[in-house]
Amino acid sequence: NEQYRLALKRRGVTLPFRLNKNSSNYDYITKKVNFGIKHEQWMRAGFLGLNTYLLGELKWVLSGTLLLLLITLTCFWYTIKTLLNQQKLNTMKDDFISNMTHEIHTPLSSILVTADALKRFSYDEQHRNDYIDIILHQGKKLSGLTEEILTGARMERTGIALDDLINISDLAQKLKAGYHSVDVQQDAPSVVFKGNAMHLENAIGNLLENALKYNNQFQPLVILTFEVRKRKIAIIVSDNGPGIPDTEKEKIFDQFYRVPTGNIHDVKGYGLGLSYVKKVVEAHNGSIAVADNEPSGSVFTILLPL
Ligand code: ADP
């Protein structure tokens, strides 16, 4: 018995065993061996706890394999995610380029044609002025476009200073003057808070412009409401337009994202407005969300801490 134990130990096996003449309930039983000198005497060794022993022996191999499998799966998942992101970016880039080309091409052709006409023909004073006005108007449009893209990039670099004291009454008044067709309601006349007046006004202006430009109703109804909700100021823009599908509600705040409409560009835009609004709101430590309006349309709610 002792010799067999030592022989096993030398081979690195420390499993409990019993030398036996007949086989009984063991996990593993060796072949019969004849140890008799004069007569045949057969003996076999029975081992218990073989599975646990084997598992113990293989634990490093098994955990190594599992780790490798995990690493491979993570790499696989990461590759798929990157590919999908790449595809999304590609579609967004294509949409943006197609929109942009469209937007730049129209004023640019108009400027070229008008300038060419001015050069070729000698018009009277009145006509010349009209043509120059066209060039100026289209030039301003192009400059506005580049300005819009640059403002976003600049804001990312320099951030937004929040040191104006904003009075809700004044803000409501200014927006009312800028957007005659919007119904402005304010329930927080004496509220004053710190922020960036210019950017906040632009951001609300963007929401109002969207509410008006995407509206396909015979009688567009756009309401801007200011109200105080639990130490927060709520700025709500609601419209009775086409509304935004649930699947698009998150995406519309991404830069350059526009709700796909096939290849029809009936409403102009570059997908920059809402991403700008979100940046401004976040700079004020606020939040923005969009929901459906009843019976149709959207409700954009900005919440800013007071
Ligand atoms: P742009 O208007 O320049 O395309 P925005 O970032 O302002 O870019 O808007 C992103 C998208 O969200 C728009 O393309 C439009 O499809 C959708 N959207 C925004 N506001 C409204 C609204 N009030 N009603 C319906 N759709 C809207």
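Our structure is the block above this text.
Every chain begins its residue count from 1, and numbering advances along the sequence as written. It should be noted that, the model being predicted, local features are given only for residues of pLDDT at least 70 and side-chain atom pairs only at 80 or more, the latter also being counted only at that level, while totals for whole chains, interfaces and linings use all residues. The side-chain values count all of the structure's non-hydrogen atoms but skip hydrogen atoms and water molecules.

A. Representation of the environment of Leu-89 within the structure. Comment: elements are numbered from the N terminus, with helices defined as DSSP H or I runs of at least four residues and strands as E runs of at least two. Topologically, Leu-89 is positioned in helix H2 (residues 50-120). Linking Leu-89 and Leu-171, residues 82 residues apart in sequence, is a C-alpha distance of 37 Å.

B. Seen up close, unusual backbone geometry. Residues Glu-294 and Pro-295 are joined by a peptide bond in cis, for which omega reads -5°. The residue Pro-295 is located in the loop between strand E10 (287-292) and strand E11 (298-305) in this model. Phi angles above zero are rare outside glycine, and Lys-230 is one such case at about 45°. As for its position among the elements, Lys-230 is in the loop between strand E8 (222-228) and strand E9 (232-239). Owing to a relative accessible area of 82%, Lys-230 belongs among the exposed residues under this scheme. Although it is not a glycine, Arg-231 sits at a positive phi angle of roughly 55°. Position of Arg-231 among the secondary structure elements: in the loop between E8 and E9. The buried label applies to any residue whose accessible area, calculated with a 1.4 Å probe on protein chains only, is under 20% of its type's maximum; exposed applies above 50%, and partly exposed to all values in between. Under the relative-accessibility criterion, Arg-231 is labelled exposed at 64%.

C. How the structure looks around the site of the ligand. As a matter of local geometry, the ligand sits amid 19 residues, with Asn-210, Tyr-214, Asp-239, Arg-258 and Leu-274 nearest to it. Between an oxygen atom of the ligand and a side-chain N or O atom of Tyr-214, the distance comes to 2.6 Å. We define a polar contact as two N or O atoms separated by no more than 3.5 Å, with the added condition that, inside protein, one atom must be a possible hydrogen donor and the other a possible acceptor, whereas residues neighbouring each other in sequence contribute only through side-chain atom pairs. Here an oxygen atom of the ligand and a backbone polar atom of Gly-271 are 3.1 Å apart. Each accessible area is a Shrake-Rupley result for a 1.4 Å probe, and residues are judged covered by the shown protein chains and nothing else. Coverage of the ligand by the protein chains reaches 95% of its 530 Å² of free accessible surface. Any residue with a heavy atom positioned within 4 Å of a molecule or strand is treated as near that molecule or strand.

D. Summary view of the packing of helix H3 (residues 125-158) against helix H6 (residues 273-283). Interaxial angles span 0 to 180 degrees and are taken between N-to-C directions of axes, which are lines fitted to C-alpha atoms, for helices over the stretch in contact. The geometry of H3 relative to H6 is characterised by a closest axis approach of 11 Å and an angle of 25° between their N-to-C directions. With respect to each other, H3 and H6 are oriented roughly parallel. Relative to H6, H3 is oriented so that their crossing is left-handed. Contact residues: Gly-152, Met-155 and Glu-156 in H3; Tyr-276, Lys-279 and Val-280 in H6. Oblique is the label for any angle not covered by the other classes, which are roughly parallel (under 35 degrees), roughly antiparallel (over 145) and roughly perpendicular (65 to 115). Helix crossings are classified by the rotation of the near helix relative to the far one: an anticlockwise turn of less than a right angle makes the crossing left-handed, while a clockwise turn makes it right-handed. We call two residues in contact whenever any of their non-hydrogen atoms come within 4.5 Å of each other.

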